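Fold and geometry: a report
Here's the letter readout for the chains.
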Amino acid sequence: MKFVLFLAALFVITYITWADTKVLHNITYIKDYPSTRVERISLNNANTADEELVINGQYNQTFFTSDHQMRMLIVNYVADKNGYRVNYTLKPELPQPAHLPALCLKTLCGGG
């Protein structure tokens, strides 16, 4: 469910464009789920005196704390004419259950 919400947010971030914004590059990198990086490089107010380069994105990393609790660090950032701004969020991450094919389950239960 979290992955579906992440993809929906990625879709919105990637495809929202304003009339005077030119998207130069989109980066999506998924190493080992849930470790991801999404970044958009755009040119706001293109071909005007107020033209500015804007880079915004998000990356997250799952790790274990010293007390063996799984946590996810989410970092959102923006770099534009106002400088570099970053927002950190640390969330508890629930382990994903393993999904076994039906045939494996039948075999484990002594069937088939």
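A short tour of the structure in this document, coming up. (Residues numbered from 1 in each chain as written. Predicted model: local features only at pLDDT ≥ 70, side-chain atom pairs only at ≥ 80, totals over all residues. Heavy atoms only, no water.)

This part is about a nonpolar patch on the surface. Together, Y84, V86 and Y88 make up an exposed nonpolar region whose accessible area comes to about 350 Å². Assignment of secondary structure puts Y88 in strand β5 (residues 83-92). Relative accessible area serves as the criterion here: at 55%, Y88 is assigned to the exposed category. (Patch = residues over 30% accessible without salt bridge, like charges linked within 9 Å, V, L, I, M, F, W, Y side chains within 5 Å. Areas by Shrake-Rupley, 256 points an atom, 1.4 Å probe, with all protein chains shown as cover. Salt bridge = Lys/Arg side-chain N within 4 Å of Asp/Glu carboxyl O. Helix = DSSP H or I, 4+ residues; strand = E, 2+ residues; numbered from the N terminus. Buried < 20%, exposed > 50% of the residue type's maximum accessible area, 1.4 Å probe, protein only.)

Right, let's get into the pairing of strand β2 (residues 36-44). The element β2 is largely enclosed, with a buried count of 8 among its 9 residues. As judged from the 9 bridges shared by β2 and strand β3 (residues 52-64), these two strands associate in the antiparallel manner. Across the sheet, the residue bridging to R37 is Y59, located in β3. (Pairing = 2+ DSSP bridges.)

It is worth spelling out the sheet that holds β2 at this point. In space, the 5 strands of this open sheet follow the order β1-β2-β3-β4-β5, with antiparallel pairing throughout. Edge positions in the sheet fall to β1 (21-30) and β5, since each of these pairs with one other strand and no more. Across the sheet, the mean angle separating the axes of adjacent strands is 10° when strand polarity is ignored. By the bridge criterion, 10 bridges tie strand β4 (residues 70-80) to β5 in an arrangement that is antiparallel. Its bridge partner lying in β5, M72 is registered against K91. (Axes fitted to C-alpha atoms, helices over the stretch in contact; angles between N-to-C directions.)

What follows concerns the pairing of β3. Of the strand pairs in this sheet, β3 and β4 are connected by 10 bridges, and their pairing is antiparallel. Across the sheet, I55 pairs through a bridge with A79, a residue of β4. Between β3 and β4, which pair antiparallel in sequence order, lie 5 residues; one of them, H68, sits at a positive phi of approximately 65°.

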